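# Fold and contact review
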Amino acid sequence: MKTTLTQLSLLLFALALSTLSLQGQEKFSLSGYISDGETGETLIGATVYVPSLQQGVTSNEYGFYSLTLPAATYEVEYSYVGFETILETIELTKNTTLSLELGGSAQQLEEVVVTSEAANRNVSDLQMSTNSMNMETLKKLPALLGEVEVLRSIQLLPGVSTVGEGATGFNVRGGSIDQNLVLLDEAPVYNSAHLFGFFSVFNPDAVKDVELFKGGIPARYGGRLSSILDVRMKEGNSKKLAVNGGVGFIFSRLAVEAPIVKDKASFIVAARRSYIDVLAKPFLNDDLGETTLNFYDLTLKTNYKLNENNQFFLSGYFGRDNFGFGDAAGFDWGNQTTSLRWNHIFSNKLFANTTLYYSNYEYSIDFGDTAENAFDWTAKIVNTSIKPRFTYYITPKNILRFGGQAINYRFEPANAFISSDGETQDISLDERFALEGGLYIENEQTLGERWQLNYGVRWSYFSLMGKGNAYTFGDALNPNDGRPLIGIESFGKGERIQDFNNFEPRAAIKYQLSPDNSIKASYNRTSQYIHLLSNTVASTPVDIWLPSTNNVQPQMADQFAIGYFQNFKDNTYETSVEFYYKNMDHQVDYIDGADLVLNEFVEGQILEGDGRAYGMEVQVQKNKGKFTGWVSYTLGRSERLVEGINNDEWYPNRFDQTHNLSLTTFYELSKRLSVSAVFVYNTGTPATFPTSRYTVAGYTIPHITDGSRNNVRIPSYHRLDLSATLEGKRNEERRWQSSWVFSVYNVYNRRNPFSIYFQQSSDRIPVGQPATTEAVRFSVVGNFIPSIAYNFKF
């Protein structure tokens, strides 16, 4: 298999390089950046189009574009949804650099065509299984406690789900939450949630663009099986001072952006802080008077344009959640990321971005009334990386991308101490170290008027390094009993304990049936070398990250997808239907009753098996008019087959949901008043219920007679949210703009079950009578939640 993949990789590489020799008449390049004329922010996905040739390109994720054309004079259109389209006459007799700002006044332009029509990208773009979220749209959605929410918003898209309210992370096409790579300005975020999943770590005032890849993942991305969530921050207003903020029931936020040197350097600083514990304190009794429940985050970024060919960006995120009951007990967690990026233009055809980043996710638990009797545990995962990326614009119909990445990991599973009667015992676990690397090449080509394809390959490498131990486990008579330890081998600093490498081919193809419809298909193989260990109902902020070892293999996935895309009435309506099938190897599961915390030999309690996920996704979206919105529906299954579990038969994942429906609507009642509504329905998730019980000394012991796993489903989840936004009166002489947001979460008071558990009745058991047990439905949100928020900007 590896030989075949190697041959395929060489073929793809040869095909890509062969295009470099396609030279005809004398050609020159037109290139530059496209940005927002009001703020100076570069525009991602802006269109540069030459009508006479019917050729064009879109600006990349850094706002850069490049077109190579035969020498001549051209009319060139520069456009972006919601902005004025600029028509420029270009005499292309040499390599030309032209950077433009969209949205300028008519007097500044040769000719202006004002357009509000939605782009036809749903049909014309090569990429499938991808969703981009516009921040203006997100701000109109009904919000829990008035806060715009990135992660909750993407759960309204087909193929994206969660196991319930209060669950950290999200699931994509039947994958677990650790199979999603969440990037903030290209640095990984290991826990993307605040307040147990109710809010995300992304401050909406600092977010520029959100893009989710569910399938057809390009070769330039790697490291996770299921999805890539790429969140990019604003650079900061390079024209003038701008302030955004909001005040809500439980927290407030403020963002300030301004030029340092106009059109050359700028910054943005955005902060949030919750205060629900401060507001609740007067109503708590003495025992809970010192309760802490809050989160805060700080997002900042600056950039400096050295010259036309070089620009630098420095961004950072610092956030933390705190939850505790005075000195008695508590836990906290938080992310820290720092990214340094350098954009460099080598020539009109060759663009490069080099990123250095640092990411640290740290979490801790402590309890004990005094220092003499206490428990303290801290864990973290730290990584640093360098990631160079190159884009070579061969022709308007041919773009070559190549690059690589190197990542250094440090895993600290437990720095733990326990104190009893003044004596302290160190029960920490050893650190682990690893290196991960990757190289990729991908080529995007347009063949004729109808065919477009992207093909490439990624080679990934992972090495578990010393200083540390490698554990050897024997075979168990019953795999579900765990494997016995038979040996420990020590490795010195820098010694390689275990190596892995994989080739990951990627391909996507589009056939344009007409200007209004197309068929797309894709395939991608992905590898994942780090794993999140969790055997709870839903993952928690204090779950453990584990690297691949000599006992735990890298997870692998092969995904196939095909879809039909159709737009109607001049792109007023967008529709799509996609079918996917994902086959997964080395999926992580656990023996019954596995002990995952503070367990040096946890690898012996991990079971590996196969996984499969398949389904259909449907989306219908209305883009124009006073009434807009979308409907998303997913019909899917996600299953696993693990030796020793469920009698060696396929069983549904904990996050398997057969039906997932969401309806999102917006209606503009007037220029100042708009309303929105969201309805969500999900099939209940699987759970394992006992099939029999024993009674010993009056106590009931549940038992599963047939050895089944996830043998029932909890009741379905459904919820309705409503929101109304009232804009303040506009005055052209005043820069101050404001709005009031009124929202109700869970309008009809649904008590959606997060889990169902069983307990024995506390009533006294009469002699000779069996113990009484009951099923208890646990709901995180059991009531409707109204909220009011005030937002402003100037």
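What you are looking at is a predicted structure, and each value in this text was computed from that prediction instead of being measured.

## A look at the overall build of the chain
Across its full length, the chain holds five helices and 52 strands. Taken over C-alpha atoms, the radius of gyration comes to 28 Å for the chain, in line with the 28 Å a tight globule of 794 residues would show. Taking the principal axes of its C-alpha atoms as reference, the chain extends roughly 95 × 65 × 50 Å. Considering only contacts in the chain between residues 6 or more positions apart, those separated by 24 or more positions represent 66%. Here the chain displays about 34,500 Å² of accessible surface, and carbon together with sulfur accounts for 56% of that area.

## Topic: the sheet that holds strand E18 (residues 227-233)
Sheet architecture is open: five strands sit in the order E10-E17-E18-E13-E14, paired in mixed fashion. Only two strands of the sheet have a single neighbouring strand rather than two, namely strand E10 (130-133) and strand E14 (187-188). As defined by bridge partners, E10 adjoins strand E17 (residues 207-213) across four bridges and the pair is classed as antiparallel. Within E17, the residue paired with Asn131 across the bridge is Leu212.

## Considering the pattern of salt bridges
Per the counting criterion, the structure on display carries 34 salt bridges. Ionic pairing is found between Lys239 and Glu101, a salt bridge with its closest N-O pair at 2.6 Å. One end of the pair, Lys239, is in the loop between E18 and strand E19 (242-247); the other, Glu101, is in strand E8 (residues 100-102), with 138 residues separating them in the sequence. What emerges from the salt-bridge pattern is a single network uniting Glu41, Asp185, Lys208, Glu235 and Lys301.

## Brief notes about the pairing of strand E35 (residues 530-533)
Two faces belong to every sheet, and in a regular strand the side chains alternate between them. Alternating positions in E35 separate into two faces, Ile530 and Leu532 on one and His531 and Leu533 on the other, with burial throughout. Pairing between E35 and strand E36 (residues 544-547): four bridges, direction antiparallel. By the bridge assignment for E36, Ile530 is matched with Pro547.

## As for the side chain of Asp185
Tracing the backbone shows Asp185 in the loop between strand E13 (180-184) and E14. Within the structure, Asp185 has its side chain in polar contact with the backbone nitrogen of Met233 (distance 3.0 Å). For Asp185, the residues in contact, after removing those within four places along its chain, are Val231, Arg232, Met233, Lys301, Ser315 and Ser339.

## Some remarks on empty space enclosed by the protein
Scanning the entire structure with this criterion turns up 14 cavities of 30 Å³ or more. Looking at the largest cavity, it is lined by 38 residues, and the ones nearest its centre are Arg152, Gln155, Thr162, Tyr717 and Arg719. Mapped onto the lining of the largest cavity, the elements with two or more residues apiece are helix H4 (150-154), strand E11 (160-161), strand E43 (673-682) and strand E48 (717-727). Across the lining of the largest cavity, the residue classes tally to 18 nonpolar, 14 polar and six charged.

## Quick notes on the environment of Ile645
Along the chain, Ile645 turns up in the loop between strand E40 (627-642) and strand E41 (651-652). Considered as a pair, Ile645 and Arg612 are 33 residues apart in the sequence and their alpha carbons are 16 Å apart. The residues touching Ile645, leaving out its near neighbours within four places in the chain, are Asp589, Tyr590, Leu607, Tyr651 and Arg709.

## Here's the deal with the nonpolar core
Across soluble globular proteins, nonpolar side chains have a tendency to be buried as a group. With 40 residues, the main nonpolar core has Ile154, Phe170, Phe199, Phe202, Val210 and Leu229 as its most contacted residues. Breaking this core down by element, the ones donating at least two residues are helix H3 (135-138), H4, E13, E17, E18 and E43. Those residues in contact with Phe202, other than ones at most four positions away along the chain, are Val150, Leu151, Val182, Leu184, Ser192, Val207, Leu229, Val231 and Arg272.

## A look at the packing of aromatic side chains
Under the criterion given, the structure shown has 36 aromatic pairs. Just above the ring of Tyr221 sits the side chain of Arg389; from NZ or CZ to the centre is 5.0 Å. The residue whose ring lies beneath Arg612 is Trp650, and the NZ or CZ to ring-centre distance is 3.9 Å.

## Some thoughts on a nonpolar patch on the surface
On the surface, a cluster of nonpolar side chains totalling about 430 Å² of accessible area is made up of Phe249, Leu726, Trp740, Phe742 and Ile788. With respect to the helices, strands and loops of the structure, Phe249 is situated in the loop between E19 and strand E20 (251-261). Looking at Phe249, the relative accessible area reads 41%, which means it is partly exposed.

## Some remarks on unusual backbone geometry
A negative phi angle characterises most non-glycine residues, just as the trans form characterises most peptide bonds. Residue Gly466 is joined to Lys467 through a cis peptide bond whose omega torsion reads 15°. As for its position among the elements, Lys467 is in the loop between strand E30 (451-465) and strand E31 (468-473). In the Ramachandran plot, Asn646 falls in the positive-phi region, its phi being about 55° despite a non-glycine side chain. Mapped onto the secondary structure, Asn646 falls in the loop between E40 and E41.

## Considerations on the environment of Tyr33
On the secondary structure map, Tyr33 appears in strand E1 (residues 27-36). Separated by 29 residues in sequence, Tyr33 and Tyr62 have C-alpha atoms that sit 8.2 Å apart.

## Focus: the confidence of the model for the chain
Taken over all residues, the pLDDT of the chain has a mean of 88, while the share at 70 or more is 92%. Here strand E9 (residues 112-113) is the element of the chain with the lowest mean pLDDT, 34, and strand E34 (residues 517-528) is the one with the highest, 97. Contacts for the low-pLDDT stretch residues 10-23, under 50 throughout, to residues beyond four places or in other chains number 15 contacts. Counting contacts from residues 104-118, a segment whose pLDDT is below 50, to residues more than four positions away or on other chains yields 24 contacts.

## Here we look at the environment of His703
Take His703: it is sitting in strand E46 (residues 699-703). Separated by twelve residues in the primary sequence, His703 and Thr691 have C-alpha atoms spaced 6.2 Å apart.

Cut-offs applied
Counting starts from 1 at the beginning of each chain's written sequence and moves along it residue by residue. Only residues with pLDDT of at least 70 get local features here, since the model is predicted, and only at 80 or more are side-chain atom pairs given and counted; chain-wide, interface and lining totals rely on the full set of residues. Calculated side-chain values reflect all of the structure's heavy atoms, with hydrogen atoms and water omitted. Elements are defined by DSSP. Helices are runs of H or I of four residues or more, strands are runs of E of two residues or more, and each kind is numbered from the N terminus. Only C-alpha atoms enter the radius of gyration, while the globule expectation follows 2.2 Å times N to the 0.38, with N the number of residues. When checking whether two residues touch, look at their non-hydrogen atoms; a contact exists if any pair is within 4.5 Å. The accessible surface values rely on the Shrake-Rupley method and a 1.4 Å probe; as for residues, cover is taken only from the protein chains in view. Think of it this way: DSSP has to see at least two bridges between two strands before they count as a pair. For this document, the term salt bridge refers to a Lys or Arg side-chain nitrogen within 4 Å of an Asp or Glu carboxyl oxygen. Remark: exposure states derive from per-residue accessible area (1.4 Å probe, protein chains only) relative to the maximum for the residue type, with buried under 20%, exposed over 50%, and partly exposed in between. Two N or O atoms form a polar contact when they lie within 3.5 Å of each other; inside protein one atom must be a possible hydrogen donor and the other a possible acceptor, and for residues adjacent in sequence the pair counts only when both atoms belong to side chains. Two kinds of site are reported from a 1 Å grid over the protein atoms alone, namely cavities, where a 1.4 Å probe fits but cannot get out, and pockets, open sets with protein on both sides within 12 Å along at least five of seven lines, and residues are called lining when an atom falls within 4 Å of a point. Grid points are joined across faces, edges and corners, and a volume is the space filled by probe spheres set on the points. Classification convention: Asp, Glu, Lys, Arg as charged; Ala, Val, Leu, Ile, Met, Phe, Trp, Tyr, Cys, Pro as nonpolar; all other residues, Gly among them, as polar. In this description, a nonpolar core means a group of buried Ala, Val, Leu, Ile, Met, Phe, Trp, Tyr and Cys residues linked to one another through side-chain atoms lying within 4.5 Å. In summary, the pairing rule links any two rings of Phe, Tyr or Trp, Trp by its six-membered ring, whose centres are within 6.5 Å, and it sorts them by plane angle into stacked for under 30 degrees, edge-to-face for over 60 and tilted for everything else. Over a ring means this: the NZ of a Lys or the CZ of an Arg is within 6 Å of the ring centre and within 35 degrees of the ring normal. Like charges within 9 Å and nonpolar side chains (Val, Leu, Ile, Met, Phe, Trp, Tyr) within 5 Å are joined into patches, using only residues over 30% in relative accessible area that form no salt bridge. Per-residue confidence from the predictor is reported as pLDDT, a score between 0 and 100.

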